[in-house]
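# Working through the structure, step by step
Given next are the chains, with one letter for each unit.
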Amino acid sequence: MESITPLLVILCPAIAAVLISISRNKPNIREVWTIAASIVMFALVLSMAPAVVNGAKISYTIFPTMFENINFGFRVDAFGLIFAITTSSLWILVSFYSIGYMRALNEHGQTRFFFFFCLAILGALGVALSSNLLTLFIFYEIITISTYPLIIHEQTPEALKAGHKYFAYLLTSGVFLLFAIMFTYYLTGTTDFIPGGIPALASATQIIAIIIFFCFLLGFLKSAWMPFHSWLPTAMIAPTPVSALLHAVAVVKAGVFGIVRIVCYIYGVDLMQELNLWLVLAIIAGFTMLVASFFAIAQDDLKKRLAYSIISQLSYIILGAAMVTQSGISAAMLYIPFHGYMKITLFLCAGAIMVASGKRRISEMAGLGKTMPVTMLAFSVGAIGMVGLPPVCGFISKLFLCFGAWELFSPYNWIFLAVILISSLLDVIYFFPIIHAAFFKEPIGEGGMSGSYKVKEAPRFMLIPLVITAAISIIFFIHPNTFYIYDLMKIAVGQLFGGV
Amino acid sequence: MIEWITLHIVEKYNFWIAMIIVIIGLTAVVVKENLLKKLIGLSIFQTAFFLWVVSLGDVGRGDILRTWGLRTGAHPILWKEAAEKGYIYMNPLPHVLMLTGIVVSAATTAVALAIVIRIYQKYGTIEEGELIEKELQFEREGVN
Amino acid sequence: MQLVEHFPVLIVGLSMFTAYTMLLVGFLDRRLPYYIALIMNSFFFILSLFILDYVLTVGPIRYWLGGWRPPWGIEYVVDAMNAYLLIIVISIIILGLIYSRSNVKHEIEERKHVTFYVLVQLMAAGLYGITVTGDLFNMFIWLEIASLTAYALIAVAGGRALRPAYNYVIMGSIGACLYIFGVCWLYAATGTLNMADMRLLLPLLYTDKVVQMGFAMIVVGVMIKAYIFPLHLWQPDCYTWAPSTISSMMASVHVKVMFYILIRLFFSVFTLNFIWQYIRFDILLCWLAAIAILAGSIWAIKQSNLKRMLAYSSISQMGYLLLGLGLSAFSYWGVVGLVAHILNHAVGKGCLFMSAGAFYQKEGLRQIKDCEGLGKRMPFSSAAFTIAAASLIGIPPTAGFASKLFLILASLDAAQYQFVVVLLLSGLLNLIYFWRVIDKIYFVKHEEATKREVERRGDGLPFSMLGPMLFLASLCIVLGFVWLSDLSTPLMNQILANLGVGGSL
């Protein structure tokens, strides 16, 4: 089905970016553009959902490229739409939040911030909707480049150093990705995403297919798999809205999205099993899950702990895809929106705590539940979801993941089930002490006397978005089909496995 | 042995002479410190080479090019048959080409000399080593 | 004979004529030569568009000077490759002229303005001449005109530019001499100077040592002029100290036209068959290019002077062109990458040198470390610099990305995987040296910058300098899409056909 909607979706943030830079001297008008663009974009993305749920694929070719069989354009399938819906819906909330955050802290260079924020969103949406690897690569690099000014927003030497590290990791990985893409094109003559994989790749020499796969893995380093993860905690020096939307959702999810695309739409389930690549990927994911959780326990800075938590949780998605079972891939696809909502709640809470009380360290957060009850409640919702307990949506996706592991043939099913459960336990260890300290401990230092707490929440611009994300995390549990997520997942998995 | 010398050296004496002068010129360009001497070397290099090309035009006499295994091709002014019938003639095209080359080399020398004069005005020397030292000194003092 | 067929010779002849007219008119009023040059070159630009249209729709233009038949008379041949290059050269010359308007006032004494523009116009004439000619000796004449004026134009800055200019004279003369040397050897073997004629006569003599020697001589001579890796030593100093306009024009078009001689030699005088079957030169060329790409980038990283860094970057970028040329023996994608990169590098490097010149003019800075806070003080020039740098790094969706893609595909097609690695690595090295500057411009905090920001809005530069810069910068992005899309396929196919390379897009 041909439709211009995907192009309009991409144009929304692009136009917003231009308008923002034009009205740089009028902060109020500037902020209106961000919000308007985010709302319009979400509406456009959602408007594509009914058609896609009915099994259609919305495609739009901007121009055919010089390379045979590659068109620069978009093809919206169910999986891409899941990612697009996640990003675009969260952008609305985060743009409110970031306005509150930037104004509360009276940050410098706000125009630059919003401008590059729009570009990064453009990149993420482009990755979600693109019809082939080359288009995906272009948008993927746009994310990388446009995130750099956001990470070094503080412009301190540490921030610059973090930015350089980020660049060093991600642009080097981009090189691998480009290599892998060109090699794929050279071998197969196409880079389109085909459910079940590109057939010609199966007939390539095995060792070359394996090498290309590793290049793809290195290329999608945004998914922060270990041992190449260290850019992500360093990049947490960025302002919180950036960490929240970009590092919890758009940037890292683009990486994971890419890996799932590669596994399911370039290599395909059969080839993954034939070359035993699924096992390699699953081992990497399992290793990352456990080790990152241990790292997280050791962190005292809240944002750093969340960063390691992201690394660990991203590997759930990779593991889900790696298992190449029906439930595993379902879990991977569900995790993208669910984890996005839960993790963004946590990040927004961290930012709110920083703005309202100036606290960054977990050891200082004792008794915070009394001064900032709403924020800490939302935080608890996010944390429970991360662990995978009801009544938060994390439960559903983790359940699917366990099913997926179980569908594997033995003895792998026991091993991966154990990994998932141990990792969940570790999640408990690093999240629950924060909640416990916040609600049941007396604050150390100033005051200290019980009963004299004054409720001091973050500005309303920041509070409301995080309440909404927490609420949606619960709504997803009650009604997984919010924003058509569940239907889209079923369609996508159905296309992969030929009918559910 | 004698045959070899005749074939490769005596009959191609013009090549040898030209090459020796070319090498003398190039050596001067590379070795000399003085900018003017370098320029003289360049002129020698170019002239030697013009000499060689002009000597190529001489196809009527010993027919060096034939013995060298070359084809002289069709000439615009005299016909090929003229050479075969034994008329002594010179192919004028190399001369014409080199006339242009000489003009170009004169222009090059003029530009180079003008630059050398400006260098002398600016630095007070045309020895390359001293020039580089002065440049380093400017670098330290921040003069452009 | 149609009117269009006279245009190539009209462009070249009128350029020479314009140059002398400018010299005479300069006695009346010093400002007039600039306007004359601008008007005439714009006129040539329109003519060149007609030429391109004619070449793409009808076929190559063959113009016999004075009506003499080709093997004896001089012939001007314009096919798709020349027409494409001619448009690039003319448009960059026009942009450079516009840019020079206020830049020249700053960098060159006023009494020299008339001669400066006369020399620029003469250099333009030389470049146009090289581009349209179909005769090897005629090419030498134009080559010398373009080179002699270039020597003078570099020296016109005075001061530190003089010694590099002298070095360039020596190296350039040796290069030109080797070129004409090689041409004479080919003449001795074939008895003709016409390219098309020589192409017909040469195949029988491919094994001949004289022909091979002539080929080698020409290649080395042109390599000196086009500063290809081991023969680049004259170049960095020249580009550093030359007037900014001249650095920009030379780096973007002068060297491209010099490189074009190699292209003509490879494809129109000899054939690819000769290159890869008789002398096995292609793979050597690729390795040379690989070394040039990496060495140029590494040197660029070591520099502290902004223009010098750009100069070394040019050496590395010439390696891209050479790689394209070398790979074209294996795969037509090499030619595509080469042709695309000629334009991309002309646009990108021209823009970079222009903004470096703008930085020098407004802030007096030559060193990279002084760039701090420029993004606030000179927003437009900095933006232009950044976009052009992104293009040369090869960040999508800029123009440089497209040419990198073509070259990668060419190396894959040729099964020369090591060059894929080289290309990708060079992208990272480019990133290091360009990002160092961009970081300084935008992101390193600078107290003075915020103070000076109040004094003026914008760059404080006239539009005549900002316009060309921003135009080239926007072109960097537009071209990225043009190359990716199939808009340029007809042109590319025509070029491939005219150069006698098998395959089409």
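In what follows, the structure referred to is the one given above.
Residues numbered from 1 in each chain as written. Chains lettered and ligands numbered in written order. Predicted model: local features only at pLDDT ≥ 70, side-chain atom pairs only at ≥ 80, totals over all residues. Heavy atoms only, no water.

### Observations regarding the overall build of chain A
Across its full length, chain A carries 19 helices and two strands. With respect to the three principal axes, the spread of C-alpha positions in chain A is 70 × 55 × 45 Å. In chain A, once contacts between residues fewer than 6 apart in sequence are set aside, the share between residues at least 24 apart is 80%. Carbon and sulfur atoms form 68% of the exposed surface of chain A, whose accessible area is close to 15900 Å². Positive and negative side-chain charges of chain A, numbering 26 and 20 respectively, have mean locations separated by a distance of 9 Å. (Helix = DSSP H or I, 4+ residues; strand = E, 2+ residues; numbered from the N terminus. Contact = heavy atoms within 4.5 Å. Areas by Shrake-Rupley, 256 points an atom, 1.4 Å probe, with all protein chains shown as cover. Lys, Arg positive; Asp, Glu negative; His and termini not counted. Charge placed at Lys NZ, Arg CZ, Asp CG, Glu CD.)

### A closer look at the pattern of salt bridges
In total, this model carries 16 salt bridges over all chains according to the counting rule given. A salt bridge links Glu135 of chain B to Arg160 of chain C; the nearest nitrogen and oxygen atoms lie 3.9 Å apart. Placement of the pair is Glu135 of chain B in helix α7 (residues 128-141) and Arg160 of chain C in the loop between α5 (136-155) and α6 (162-190), with the two residues belonging to separate chains. Taking the relative accessible area as the measure of exposure, Arg160 of chain C reaches 8% and is therefore buried. Residue Glu109 of chain C pairs with Arg111 of chain C through a salt bridge whose shortest N-O separation is 3.3 Å. Overall, Glu109 of chain C belongs to the partly exposed group, its relative accessible area being 42%. The exposure class assigned to Arg111 of chain C is exposed, which follows from its relative accessible area of 58%. Here the salt bridges share partners, and the residues they tie into one network are Arg30, Glu31 and Arg103 of chain A. (Salt bridge = Lys/Arg side-chain N within 4 Å of Asp/Glu carboxyl O. Buried < 20%, exposed > 50% of the residue type's maximum accessible area, 1.4 Å probe, protein only.)

### Brief notes about the arrangement of the chains
Summarising the chain contacts, two pairs of chains touch, and the pair with the most contacts is chains B and C. Between chain A and chain B there is no contact; the minimum C-alpha to C-alpha separation amounts to 29 Å.

### Thoughts on the interface of chain A and chain C
The interface of chain A with chain C comprises 30 residues on the first partner and 33 residues on the second. For the interface between chain A and chain C, the tally reads zero salt bridges. The set of elements that each furnish at least two residues to the side of chain A that touches chain C consists of β1 (58-64), α5 (133-151) and α6 (157-188) of chain A. The element best represented in the side of chain A that touches chain C is α6 of chain A, accounting for twelve residues. Among the residues making up the side of chain A that touches chain C, the classes are represented as 23 nonpolar, four polar and three charged. (Nonpolar A, V, L, I, M, F, W, Y, C, P; charged D, E, K, R; others polar.)

### Some thoughts on the interface of chain C and chain B
Taken together, the contact pairs 39 residues of chain C with 49 residues of chain B. Roughly 3800 Å² of surface becomes buried between chain C and chain B when both sides are summed, with 73% attributable to carbon and sulfur atoms. Per-residue buried area on chain C facing chain B is highest for Arg160, Arg163 and Tyr166 of chain C; these three make up 21% of the total on that side. Put simply, chain C and chain B have two salt bridges between them. The salt bridge partner of Arg163 of chain C is Glu135 of chain B, with a shortest N-O separation of 3.2 Å. One can count two residue pairs in polar contact (both at pLDDT 80 or more) joining chain C with chain B. Elements with a contribution of two residues or more to the side of chain C that touches chain B: α5 and α6 of chain C. Ranked by residue count, the leading element in the side of chain C that touches chain B is α6 of chain C, at 18 residues. (Buried area = accessible area lost by both parts, 1.4 Å probe. Polar contact = N/O pair within 3.5 Å; in protein donor to acceptor, adjacent residues only side chain to side chain.)

### Structural notes on the pairing of strand β2 (residues 71-76) of chain A
Two elements, β1 of chain A and β2 of chain A, share six bridges in a ladder whose sense is antiparallel. Bridge pairing in β2 of chain A places Ser59 of chain A opposite Arg75 of chain A. (Pairing = 2+ DSSP bridges.)

### Observations regarding the packing of helix α1 (residues 7-28) of chain C against helix α4 (residues 113-132) of chain C
Residue and element names in this part refer to chain C. Relative orientation of the contacting elements α1 and α4 amounts to 170°, with a least axis distance of 9 Å. By the angle class used here, α1 and α4 are roughly antiparallel. The segment α1 lies against α4, with Pro8, Ile11, Val12, Ser15, Met16, Thr18, Ala19, Tyr20, Met22, Leu23 and Gly26 engaging Val114, Thr115, Tyr117, Val118, Gln121, Leu122, Ala125, Tyr128, Gly129 and Val132. Its residues assigned to classes, the contact of α1 with α4 comprises 15 nonpolar, six polar and no charged. (Axes fitted to C-alpha atoms, helices over the stretch in contact; angles between N-to-C directions. Parallel < 35°, antiparallel > 145°, perpendicular 65-115°, else oblique.)

### Considering the nonpolar core
It is characteristic of soluble globular proteins that their nonpolar side chains tend to be buried jointly. In this structure, Tyr267 of chain A together with Phe266 of chain C are the most contacted members of the largest nonpolar core, which totals 463 residues. No other element matches helix α10 (residues 240-274) of chain A, which puts 23 residues into this core. Apart from residues lying up to four places away in sequence, Phe266 of chain C is in contact with Phe215, Val219, Thr271, Leu272, Ile275, Phe281, Leu285 and Leu325 of chain C. (Core = buried A, V, L, I, M, F, W, Y, C linked by side-chain atoms within 4.5 Å.)

### Here's the deal with a nonpolar patch on the surface
Residue and element names in this part refer to chain B. There is a patch of nonpolar side chains on the surface, built from Trp4, Ile9, Val10, Trp16, Ile20 and Ile24 and spanning about 600 Å² of accessible area. At the level of secondary structure, the elements contributing two or more residues to the nonpolar patch comprise α1 (2-10) and α2 (13-31). Relative to the helices and strands, Ile20 resides in helix α2. (Patch = residues over 30% accessible without salt bridge, like charges linked within 9 Å, V, L, I, M, F, W, Y side chains within 5 Å.)

### Let's talk about the environment of Val257 of chain C
Residues and elements named next belong to chain C. In this fold, Val257 is placed in helix α10 (residues 244-269). Owing to a relative accessible area of 0%, Val257 belongs among the buried residues under this scheme. Note: C-alpha distance between Val257 and Leu85 (172 residues apart in sequence) is 7.8 Å. Once residues lying within four places of it in the same chain are set aside, the contact partners of Val257 are Leu85, Val89, Leu127, Ile130 and Thr131.

### Describing helix α16 (residues 394-407) of chain A
Between the first and last C-alpha of α16 of chain A there are 20 Å, a value that for 14 residues agrees with the 20 Å anticipated at 1.5 Å per step. Next to the buried residues of α16 of chain A lie α12 (302-322), α13 (326-357), α15 (373-387), α17 (412-440), α18 (460-478) and α19 (485-497) of chain A. (Expected span 1.5 Å × (residues − 1).)

### Points about the state of the cysteines
Taken as a whole, this structure holds zero disulfides over all chains when the rule is applied. The structure places no disulfide on Cys215 of chain A, whose sulfur is separated from the nearest cysteine sulfur, that of Cys264 of chain A, by 20 Å. Residue Cys215 of chain A is classed as buried on the basis of its relative accessible area of 8%. Lacking any disulfide linkage, Cys184 of chain C is separated from the closest cysteine sulfur, that of Cys177 of chain C, by 9.8 Å. Given a relative accessible area of 1%, Cys184 of chain C falls into the buried group. (Disulfide = S-S within 2.5 Å.)

### As for unusual backbone geometry
Here the bond from Met226 of chain A into Pro227 of chain A is cis, since omega is 5°, no more than 30 degrees from zero. By the secondary structure assignment, Pro227 of chain A is in the loop between α8 (206-219) and α9 (231-235). For the bond from Pro396 of chain C to Pro397 of chain C, the omega torsion is 0°, close enough to zero to count as cis. Mapped onto the elements of the fold, Pro397 of chain C is located in the loop between α16 (379-393) and α17 (399-413). Unusually for a residue other than glycine, Asn69 of chain A sits at a positive phi of about 70°. Here Asn69 of chain A shows up in the loop between β1 and β2.

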